[in-house]
Amino acid sequence: LLEAIKESRVAVVVFSKNYAGSSWCLDELVKIMECKDQMGLMVLPVFYHIDPSDVRQQKRDFDTAFQQHDDKFKREMDQVNRWRKALAAAASLSGWHVKETGSGLVFLNLLLQLLIIRLMNLISNVLLDYCVTYDGDFVQNSLLYLCSMG
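Values in this document were obtained by computation on a predicted structure and should not be read as measured data.

Moving on, we come to the overall build of the protein chain. Helix and strand counts for the protein chain stand at 7 helices and 3 strands. When the elements of the protein chain are put in sequence order from the N terminus, they spell out α-β-α-β-α-α-α-β-α-α. The 150 residues of the protein chain split such that 31% are buried. By sequence separation, contacts in the protein chain at least 24 residues apart represent 71% of the contacts at least 6 residues apart.

Here it is in structure tokens:
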């Protein structure tokens, strides 16, 4: 999975109240944030029924999880500190705060709609950057093709 993260262009990180309890999730987050800094990976955080400041400042459920990590990983505090730093950095990014209760399907539908909007903006910017060097007919045809794909 860490290799797949390195090959990705976009990473969606869904923070929930139990997220920080998983050392595997935290390892993945460290890799995601490294790829963001080193390769320009777009990171889109989603705060699912939690306050983004709880993630950023590692309060409430996140504080409890890190107290357990501090005990369990006493000899690996460098790793615990990398997790803390990655959480704070990811939670400082612009993302979505999902507060409403409802079914998982409602959440997924909302998330997909938001992702499509964000990705279409990204594709539009890349397409415009790419097409600037070509004549107007190519740009127009490319934009029509892009629109007809959806």
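Let us now look at the pairing of strand β1 (residues 10-15). Only one face of β1 is buried: it carries Ala11, Val13 and Phe15, and the other face, with Val10, Val12 and Val14, is open. The sheet contact formed by β1 and strand β2 (residues 42-48) spans 6 bridges and is parallel. Bridging across to β2, Phe15 finds its partner in Phe47.

As a further point, take unusual backbone geometry. Positive phi, normally seen in glycine, also occurs at His49, with a value near 60°. Structurally, His49 can be placed in the loop between β2 and α3 (52-56).

Time to look at the packing of aromatic side chains. Under the criterion given, the structure shown has 3 aromatic pairs. Consider the rings of Phe73 and Trp83, whose centres lie 5.2 Å apart with planes at 90°: the pair is edge-to-face. Here Phe73 is found in the loop between α4 (61-72) and α5 (77-91), whereas its partner Trp83 is found in helix α5, with 10 residues between them in sequence. The same class applies to Phe73 as to Trp83, namely buried. Counting every residue linked through ring pairs, the aromatic cluster contains Phe15, Tyr19 and Phe47.

Glancing now at the layout of surface pockets. There is about 190 Å³ of room inside the largest pocket. Forming the walls of the largest pocket are Val30, Met33, Glu34, Lys36, Asp37, Arg82, Lys85, Ala86, Ala89 and Leu93. Mapped by element, the contributors of at least two residues to the lining of the largest pocket are α2 (23-39) and α5. Looking at the lining of the largest pocket residue by residue, the classes come out as 5 nonpolar, no polar and 5 charged.

Contact pair α2 / α5: the axes reach a minimum separation of 9 Å and the direction vectors enclose 65°. Where α2 crosses over α5, the two elements pack in a sense that is left-handed. Seen from α2, the contacting residues are Ser23, Leu26, Asp27, Leu29, Val30 and Met33; seen from α5, they are Gln79, Arg82, Trp83, Ala86, Leu87, Ala89 and Ala90. In terms of residue class, the contact of α2 with α5 is built from 9 nonpolar, 2 polar and 2 charged.

Turning next to the nonpolar core. Counting 27 residues, the largest nonpolar core has Phe15, Tyr19, Leu29, Ile32, Val55 and Leu87 as the members making the most contacts within it. Only β1, α2, β2, α4 and α5 provide two or more residues apiece to this core. Once you skip the residues sitting within four places of it in the chain, Val55 turns out to touch Phe15, Phe47, Ile50, Phe62, Leu87 and Ala91. Leu44, Val98, Phe107 and Leu111 belong to the second largest nonpolar core, which has 7 residues in total.

Procedures and definitions
- Residues numbered from 1 in each chain as written.
- Predicted model: local features only at pLDDT ≥ 70, side-chain atom pairs only at ≥ 80, totals over all residues.
- Heavy atoms only, no water.
- Helix = DSSP H or I, 4+ residues; strand = E, 2+ residues; numbered from the N terminus.
- Buried < 20%, exposed > 50% of the residue type's maximum accessible area, 1.4 Å probe, protein only.
- Contact = heavy atoms within 4.5 Å.
- Pairing = 2+ DSSP bridges.
- Phe/Tyr/Trp six-rings, centres within 6.5 Å; stacked < 30°, edge-to-face > 60°.
- 1 Å grid on protein atoms, 1.4 Å probe; cavity = no way out; pocket = protein on both sides within 12 Å on 5 of 7 lines; lining within 4 Å.
- Points joined across faces, edges and corners; volume = space filled by probe spheres on them.
- Nonpolar A, V, L, I, M, F, W, Y, C, P; charged D, E, K, R; others polar.
- Axes fitted to C-alpha atoms, helices over the stretch in contact; angles between N-to-C directions.
- Left-handed = near helix turned anticlockwise from the far one by under 90°.
- Core = buried A, V, L, I, M, F, W, Y, C linked by side-chain atoms within 4.5 Å.

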